[in-house]
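Close look at the chain arrangement
These are the residues of each chain, in order.
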Amino acid sequence: MLADQHLHIDRIRIENAYSVVALLDDQSRVIFSLRDIEGQLATLGRVLAEAEQRGWAIASLNLMMKKNIPVTFFDAPPPGDHAPSRPVPPPTEPTGDQRLRDANAILNRT
């Protein structure tokens, strides 16, 4: 999948004993662990494909993580390209009865 991407590495920088950073020609920054490079390249291909499909420009991507991979974008995704958000109601001040129930719930935990 990565072969289909238009990926041009400008330079590679050794960050420390366990990671390298690839600086791409589009100003993207991709952090790689020195372990499982093939797996990280496969993940990079999937992330690039998804970003291209959605019209997002990746600013940074940390492939050192196996799950919940941190990604930042140059511009926020346009509205409608993500799950719709619902307004969050303002917090209400707890009543005395609610405070007493909360305190008892905390104290009676086993």
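Residues numbered from 1 in each chain as written. Predicted model: local features only at pLDDT ≥ 70, side-chain atom pairs only at ≥ 80, totals over all residues. Heavy atoms only, no water.

1. Description of the environment of L44
To keep it simple, the criterion reads: Starting at the N terminus, helices and strands are each numbered in turn, a helix being any DSSP run of H or I of at least four residues and a strand any DSSP run of E of at least two. Buried, partly exposed and exposed residues are distinguished by accessible area as a fraction of the type maximum, computed with a 1.4 Å probe on protein chains only: under 20%, between the cut-offs, and over 50%, respectively.
Topologically, L44 is positioned in helix 1 (residues 37-54). Judged by relative accessible area, which is 2%, L44 ranks as buried. Put simply, L44 and F32 are twelve residues apart on the chain and 9.8 Å apart in space, counted from C-alpha to C-alpha.

2. Examining the confidence of the model for the protein
Short version of the rule: A residue's pLDDT is simply how confident the predictor is in it, with values from 0 to 100.
Mean pLDDT over the protein works out to 80, with 75% of the residues at or above the 70 mark. Across the protein, the secondary-structure element scoring lowest on mean pLDDT is helix 2 (residues 96-107), at 74, and the one scoring highest is strand 3 (residues 29-33), at 95.

3. Concerning the pairing of strand 2 (residues 19-24)
Cut-off, in case you're wondering: Pairing between strands is defined by DSSP: at least two bridges between the two strands are required.
Of all the six residues making up strand 2, six are buried; the element is thus mostly covered by neighbouring parts of the structure. Burial of strand 2 is two-sided: the residues S19, V21 and L23 facing one way and the residues V20, A22 and L24 facing the other way are all buried. In this structure, strand 1 (residues 9-16) lies alongside strand 2, joined through six bridges in antiparallel fashion. Bridge pairing in strand 2 links I12 to A22. The antiparallel pairing of strand 1 with strand 2 creates a hairpin that spans two residues between the two strands. In terms of strand pairing, strand 2 meets strand 3 through five bridges, oriented antiparallel. Residue pairing across strands places V21 opposite I31, the latter belonging to strand 3. The loop that links strand 2 with its antiparallel partner strand 3 comprises four residues; one of these, Q27, has a positive phi angle of about 75°.

4. Some words on the nonpolar core
Put simply, the rule reads: Side-chain atoms within 4.5 Å link the members of a nonpolar core, which is a set of buried Ala, Val, Leu, Ile, Met, Phe, Trp, Tyr and Cys residues.
If you look at the biggest cluster of nonpolar residues, it comprises eleven residues: V20, A22, L24, V30, F32, L44, L48, A51, I58, L61 and L63. For this core, the elements supplying multiple residues, two or more each, are strand 2, strand 3, helix 1 and strand 4 (58-62).

5. Details of the side chain of S19
What counts here: Whenever two N or O atoms come within 3.5 Å, that pair is a polar contact, provided that in protein one can donate a hydrogen and the other can accept it, and provided that, for residues adjacent in sequence, both atoms are side-chain atoms.
Among the secondary structure elements, S19 is positioned in strand 2. In this structure S19 comes out as buried when scored by relative accessible area, which is 3%. A polar side-chain atom of S19 sits 2.9 Å from a polar atom in the side chain of N16.

6. Points about the packing of aromatic side chains
The line we're drawing: Stacked, tilted and edge-to-face pairs are distinguished by plane angle, under 30 degrees for stacked and over 60 for edge-to-face with tilted covering the rest, among Phe, Tyr and Trp rings (Trp via its six-membered ring) whose centres lie within 6.5 Å.
All chains considered together, the criterion is met by one aromatic pair. For the pair W56 and F73, a centre-to-centre distance of 4.9 Å together with 70° between the ring planes defines the contact as edge-to-face. Remark: F73 occurs in strand 5 (residues 71-73) and W56 occurs in the loop between helix 1 and strand 4; sequence separation between them is 17 residues.

7. So, the sheet that holds strand 3
Under the convention used in this document: Fitting a line to C-alpha atoms yields each axis, with helices limited to the stretch in contact; the angle taken between N-to-C directions then spans 0 to 180 degrees. Contacts are assigned to residue pairs that have any heavy atoms within 4.5 Å of one another.
In spatial order, the strands read 1-2-3-4-5; together these five strands make up an open sheet with mixed pairing. One side of each edge strand has no neighbouring strand; the edge strands of this open sheet are strand 1 and strand 5. The sheet shows a mean angle of 15° between the axes of neighbouring strands, taken without regard to direction. Alignment of strand 4 against strand 5, held across three bridges, turns out to be antiparallel. Each residue of the ladder has a partner; that of I58, found in strand 5, is F73. Running over the sheet, helix 1 touches strand 3 and strand 4 and is turned about 155° from strand 3.

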